[in-house]
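A closer look at the structure
One-letter residues, chain by chain:
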Amino acid sequence: RLQNRLLDLLADTQATTDARRFACDLLGRKGTPTAIPGLAQALRQQDLFTPALQALARMPHAAAAAALAEIKSPLLVEWFTCMDFDLQSQILGEFYRKSLNTSYTLMQRSQNLEIVFKLWGSILRNPSEALQVLQVFKDKWGLVGLFHELDLPESDVDRTSPQDLL
């Protein structure tokens, strides 16, 4: 199968960087969820980071968002605004889910919630985009839990427009 050959090429350290970048591009366009671990591994290589990130960002799979959520915070914040609204919402949700997961230490949970706020901060520069992401996030995760985390009255969720929430 083509995907298996592309994954082999991506993992081949003897292959040229251009060939491996080409493999990332094709996997992003035609890859299935089984390609995600290979692309996630490519994120760790400086010369493949950008093409692997772009490939994962094009994939409509929740596992791709989870792989992108493993990127170190400064790099993720830098690239976050280039992603589509659904992917942004999925990544926000991934970090938000981790911030609620009691199997993580309190420090890890608070770091994940801090990343949620950093990512929100990166998209707030464009209020119309932020509203779209907020709507997708709200539809999937709800806002009551987030308001609870922030010690805001839950009753404010129902009475406040999405624009005023931002």
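Notes on the structure in this doc start here. (Residues numbered from 1 in each chain as written. Predicted model: local features only at pLDDT ≥ 70, side-chain atom pairs only at ≥ 80, totals over all residues. Heavy atoms only, no water.)

**Digging into helix α6 (residues 73-80)**
The cut-off we apply is this: In this scheme, a residue with accessible area under 20% of its type's maximum is buried, one over 50% is exposed, and one in between is partly exposed, where area comes from a 1.4 Å probe on protein chains only. Counting from the N terminus, the helices are DSSP H or I runs at least four residues long and the strands are E runs at least two residues long. The arc in question is the one spanned by the directions pointing from the helix axis to the C-beta atoms. Only heavy atoms matter for contacts: two residues are in contact if any of them lie within 4.5 Å across the pair.
Along α6, the residues that are buried comprise Ser73, Leu76, Trp79 and Phe80. Projection of α6 onto a plane perpendicular to its axis shows the buried side chains occupying an angular sector of 135 degrees, all on one side. In α6, those exposed residues whose orientation departs by more than 90 degrees from the buried face are Pro74 and Glu78. Contact partners of the buried residues in α6: α4 (49-58), α5 (62-68), α7 (85-100) and α8 (106-123).

**Regarding the pattern of salt bridges**
The following threshold applies: The salt bridge definition used is simple: a Lys or Arg side-chain nitrogen within 4 Å of an Asp or Glu carboxyl oxygen.
Going through the model one piece at a time under the given rule, you end up with 6 salt bridges. One salt bridge connects Arg21 with Asp18, and the closest N-O pair in it is separated by 3.9 Å. You can see Arg21 and its partner Asp18 sitting in helix α2 (residues 17-30), 3 residues apart, about one turn around the helix. Overall, the relative accessible area of 35% leaves Arg21 in the partly exposed class.

**Some words on the packing of aromatic side chains**
Note the following rule: Pairing of aromatic rings covers Phe, Tyr and Trp, the last through its six-membered ring, and needs centres within 6.5 Å; plane angles under 30 degrees mean stacked, over 60 mean edge-to-face, and all others mean tilted. Look at NZ for Lys and CZ for Arg. If either is within 6 Å of the ring centre and within 35 degrees of the ring normal, a charge sits over the ring.
Counted under the stated rule, the structure contains 0 aromatic pairs. Here the basic side chain of Lys98 rests over the ring of Phe95, its NZ or CZ set 5.5 Å away from the ring centre.

**Observations regarding the environment of Ala57**
You can see Ala57 is positioned in helix α4. Overall, Ala57 belongs to the partly exposed group, its relative accessible area being 22%. As for Ala57 and Leu87, which are separated by 30 residues in sequence, their C-alpha atoms are 7.0 Å apart. When near neighbours in sequence (up to four residues on either side) are disregarded, Ala57 contacts Leu68 and Leu87.

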